[in-house]
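# Survey of secondary and tertiary structure
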Amino acid sequence: MGVILLEGGDAKSAIDALEKEYKSAKYYLNFSTPIDLLVAAIISAQTRDETVNSVTPELFKKFKTAKDYANSNANELVKYIGKVSFAGNKAKNIIATCKAIEEKYGGKVPNKMDELTELPGIGRKTANTILINAYGIVNGIPVDTWVIKLSYRIGLSLNKDPDKIEQDLMRIVDKKHWKNFAYVLKTHGKKICQSQIPICSKCILNKVCPRNGVTKSL
Ligand code: SF4
């Protein structure tokens, strides 16, 4: 099947069906404070959620503020996050980001998109994640690998660039769904629209989905 973009009624009905099916979908990393969330988000790159959630309880017990991280060093942090991929680089990023937060914002994680994205290692996806989940501020849709993959498969966006995908989604997803749409797509991806072989026969979208890029399905 060629590459097709779902438009108008089909896109809206697909989004509504997903929102109805996964209305309890929510952010998947555990945290209590904005700094916890920022650190968990940095750790989560190319790492399973379960692995992140398995290392953060001890980490968050030891490090509670941006200053705690800023005053630490990479070797100390790696003792806590050694199980995650690229632990050494992530430790350095956490320390650099927390130093900037400490110096520029008095230790408080900023709640503005431009201030967040100026921090080292924080892109628009993580900034949206922090704004939505730590502050309840919804300015956009976090675009992670699941959102990239499923938006293309379902035909909601044919772009590859995350910023362009976000713009496409913001045009067609009702604003009231922006805060959880990434988590709805991720839940659908893990349960049904799996990376290697999607289970199209059991999918609520199988009447409208163009299955862009899918070569095998069950
Ligand atoms: S499981 Fe199949 S029909 Fe459903 S969204 Fe994925 S590719 Fe489309």
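Residues numbered from 1 in each chain as written. Predicted model: local features only at pLDDT ≥ 70, side-chain atom pairs only at ≥ 80, totals over all residues. Heavy atoms only, no water.

## A closer look at the overall build of the protein
When its secondary structure is counted, the protein shows eleven helices and zero strands. A globule of 218 residues ought to have a C-alpha radius of gyration of about 17 Å, and the protein, at 18 Å, matches this closely. Viewed in the frame of its principal axes, the protein has a C-alpha envelope of about 55 × 30 × 30 Å. The buried share of the protein, taken over its 218 residues, is 46%. Long-range contacts, defined as pairs at least 24 residues apart, comprise 57% of the intrachain contacts of the protein with a sequence gap of at least 6. Here the protein displays about 11000 Å² of accessible surface, and carbon together with sulfur accounts for 51% of that area. (Helix = DSSP H or I, 4+ residues; strand = E, 2+ residues; numbered from the N terminus. Rg over C-alpha atoms; globule rule 2.2 N^0.38 Å. Buried < 20%, exposed > 50% of the residue type's maximum accessible area, 1.4 Å probe, protein only. Contact = heavy atoms within 4.5 Å. Areas by Shrake-Rupley, 256 points an atom, 1.4 Å probe, with all protein chains shown as cover.)

## So, the site of the ligand
With respect to spatial proximity, the complete set of residues near the ligand consists of Ile 154, His 188, Ile 192, Cys 193, Pro 198, Cys 200, Cys 203, Asn 206, Cys 209, Arg 211 and Val 214. For the shell around the ligand, a count of residues per class yields eight nonpolar, two polar and one charged. (Near = heavy atom within 4 Å. Nonpolar A, V, L, I, M, F, W, Y, C, P; charged D, E, K, R; others polar.)

## Some details on the domain arrangement of the protein
What the domain assignment reports for the protein is domain 1 (8-25 + 141-202) and domain 2 (34-135). For domain 1 versus domain 2, the separation of C-alpha centres amounts to 26 Å. Each side of the interface is counted separately: domain 1 has eleven residues, and domain 2 has eight residues. At the boundary of domain 1 with domain 2, the tally comes to four salt bridges. A salt bridge links Asp 49 to Lys 186; the shortest N-O distance between them is 2.7 Å. In this assembly, domain 1 and domain 2 are joined by five residue pairs in polar contact (both at pLDDT 80 or more). Every element with two or more residues in the side of domain 1 that touches domain 2 is listed here: α10 (162-172) and α11 (178-191). Ranked by the residues each element gives to the side of domain 1 that touches domain 2, the list is headed by α11, at five residues. Of the residues belonging to the side of domain 1 that touches domain 2, the class tally is five nonpolar, no polar and six charged. (Domains from an automatic or database assignment. Salt bridge = Lys/Arg side-chain N within 4 Å of Asp/Glu carboxyl O. Polar contact = N/O pair within 3.5 Å; in protein donor to acceptor, adjacent residues only side chain to side chain.)

## Regarding the side chain of Asn 53
Within the element layout of this structure, Asn 53 appears in helix α3 (residues 49-62). Among the polar contacts listed, one links the side chain of Asn 53 to the backbone oxygen of Tyr 28, at a separation of 3.0 Å. When near neighbours in sequence (up to four residues on either side) are disregarded, Asn 53 contacts Tyr 28, Leu 29 and Asn 30.

## As for unusual backbone geometry
At Gln 46, a residue that is not glycine, the phi angle is positive and equals roughly 55°. Residue classification places Gln 46 among the exposed residues on the basis of a relative accessible area of 68%. With a phi angle near 55°, Arg 211 is a residue other than glycine that sits in the positive phi range. Summarising the element assignment, Arg 211 is placed in the segment after α11.

## Some thoughts on helix α9 (residues 145-154)
For α9, the buried fraction is high: seven of the ten residues fall into the buried class. Where α9 begins, the side chain of Asp 144 points an oxygen toward the backbone nitrogen of Trp 146, at a separation of 3.1 Å. Backbone geometry just after α9 places Gly 155 at a positive phi near 90°.

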